[in-house]
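Below are the chains, spelled out letter by letter.
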Amino acid sequence: MKEKAYVGDAIKTLQEQEELNQEQLAFDLNVSPGMISHYKNNRRTMHQEVARESLKMYDNPIFQMQVLYEFSDGLTSPVLDGNAIEQHRLAFKEFLANEAKEAFQKLKEINLLKSPSQADKNDIEQIKQLIWELDDAEIAIANFKMILAKEYHVSLIKEKRSRQATLKAKGWVK
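To start, this report covers the structure provided alongside it.

Let's talk about the overall build of the protein
Check the secondary structure of the protein and you find eight helices and two strands. Ordered by position in the sequence, the α and β elements of the protein form the string β-α-α-α-β-α-α-α-α-α. Its C-alpha atoms give the protein principal-axis dimensions of roughly 60 × 40 × 35 Å. Looking at the protein as a whole, 32% of its 174 residues are labelled buried. Considering only contacts in the protein between residues 6 or more positions apart, those separated by 24 or more positions represent 62%. Here the protein displays about 11700 Å² of accessible surface, and carbon together with sulfur accounts for 53% of that area. Where the 25 positive side-chain charges of the protein centre and where its 27 negative ones centre are 5 Å apart.

Examining the nonpolar core
Of all hydrophobic cores here, the largest spans 20 residues; its most connected members are Ile 11, Leu 25, Leu 29, Ile 36, Tyr 39, Met 46 and Phe 63. Taken together, the elements giving at least two residues each to this core come down to helix H1 (8-18), helix H2 (22-29), helix H3 (33-40), helix H4 (48-57) and helix H5 (61-71). In this structure, Met 46 is in contact with Glu 3, Lys 4, Ala 5, Val 7, Ile 11, Leu 29, Tyr 39, Ala 51, Ser 54 and Phe 71, ignoring residues within four places of it in sequence. Counting 13 residues, the second-largest nonpolar core is a separate cluster that includes Ile 85, Leu 96, Ala 140 and Met 146.

Thoughts on the packing of aromatic side chains
Here the structure, examined in full by the defined rule, presents two aromatic pairs. Ring plane angle 85° and centroid distance 6.4 Å describe the contact between Tyr 58 and Phe 63, whose orientation is recorded as edge-to-face. For Tyr 58, a relative accessible area of 7% translates into the label buried. Where Phe 92 meets Phe 95, the ring centres are 6.3 Å apart and the plane angle is 85°; that geometry is what we call edge-to-face. One end of the pair is Phe 92 and the other is Phe 95, both in helix H6 (residues 89-109) and three residues apart, which spans about a single turn. Taking relative accessible area as the criterion, Phe 92 reaches 0% and is therefore assigned buried. Taking the relative accessible area as the measure of exposure, Phe 95 reaches 23% and is therefore partly exposed.

Observations regarding a negative patch on the surface
Taken together, the side chains of Glu 102, Asp 135, Asp 136 and Glu 138 present a region of like negative charge at the surface. Broken down by element, the residue count for the negative patch peaks at three residues, all from helix H7 (residues 121-152). Note on placement: Glu 102 falls in helix H6.

With respect to a nonpolar patch on the surface
Residues Phe 104, Leu 107 and Leu 112 make up a contiguous nonpolar surface patch of roughly 310 Å² in combined accessible area. Within the secondary structure, Leu 107 sits in helix H6. By relative accessible area, which is 38% here, Leu 107 ends up partly exposed.

Some remarks on a positive patch on the surface
Residues Lys 145, Lys 160, Arg 163 and Lys 170 make up a contiguous surface patch of positive charge. Tracing the chain through its elements places Lys 170 in the segment after helix H8 (156-169). Judged by its relative accessible area of 46%, Lys 170 is partly exposed.

Parameters and conventions
- Sequence order as written defines residue numbering, which begins from 1 separately in each chain.
- Totals for whole chains, interfaces and linings use all residues, but because this is a predicted model, local features are given only for residues with pLDDT of at least 70 and pairs of side-chain atoms are given and counted only at 80 or more.
- Heavy atoms throughout the structure, all of them, feed into the side-chain values; hydrogens and water do not.
- Secondary structure follows DSSP: runs of H or I at least 4 residues long count as helices, runs of E at least 2 residues long count as strands, and numbering of each begins at the N terminus.
- Under the scheme applied here, a residue whose accessible area is under 20% of the maximum for its type counts as buried, over 50% as exposed, and between as partly exposed, the area being computed with a 1.4 Å probe on protein chains only.
- The contact criterion used throughout is that any non-hydrogen atoms of two residues lie within 4.5 Å.
- Where accessible areas are quoted, they stem from the Shrake-Rupley method and a 1.4 Å probe; at the residue level, only the protein chains shown are allowed to cover.
- When charges are counted, Lys and Arg are positive and Asp and Glu negative, with His and the chain ends excluded.
- The atom standing in for a charge is NZ when the residue is Lys, CZ when it is Arg, CG when it is Asp and CD when it is Glu.
- Among buried residues, those of type Ala, Val, Leu, Ile, Met, Phe, Trp, Tyr and Cys that are joined through side-chain atoms within 4.5 Å constitute a nonpolar core.
- Aromatic pairs are defined between Phe, Tyr and Trp rings, using the six-membered ring for Trp, whenever the two ring centres lie within 6.5 Å; interplanar angles under 30 degrees are classed as stacked, those over 60 as edge-to-face, and all others as tilted.
- Think of a patch as exposed residues, more than 30% relative accessible area, with no salt bridge, where like charges cluster within 9 Å and nonpolar side chains (Val, Leu, Ile, Met, Phe, Trp, Tyr) cluster within 5 Å.
- Any carboxyl oxygen of Asp or Glu within 4 Å of a side-chain nitrogen of Lys or Arg constitutes a salt bridge here.

It is worth stressing that arrangement in space is one thing and function is another; only the former is reported here.
Right, dumping it as structure tokens:
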């Protein structure tokens, strides 16, 4: 995880969706209003400690995904907000269905019986394509969850925490 990151889009999202002025946001995050302006305009990076506090303070799924994406250096899913994506739960449902279908199709096509140590260039290329398809599906899932959480006012953090006992009971985590 990065020590600091630019979070301008996340701050803009938060201010817009939570109807926060610069002074209130500065007070909540224990920084100056000027620092909020710097964050918002990507003139300064937000430090990890401030980011952690902001994620605790604001249970906003879009803001959370944007901050996590920036601090993970792109390892978590980005918020899909481009022109090719309609920001509606039904559109995201269809998008997810299509991306999952493509991932499962690629999974069916690939042969994983061969030992990785015996894989040739073509095998490695097929694995990369599978990873790309799985990544597309993962991004679609994350964004669909985000939209559902936003529209139905469900806390992703609380739901994740409430699932921990179940995951342990299944033996999926320690």
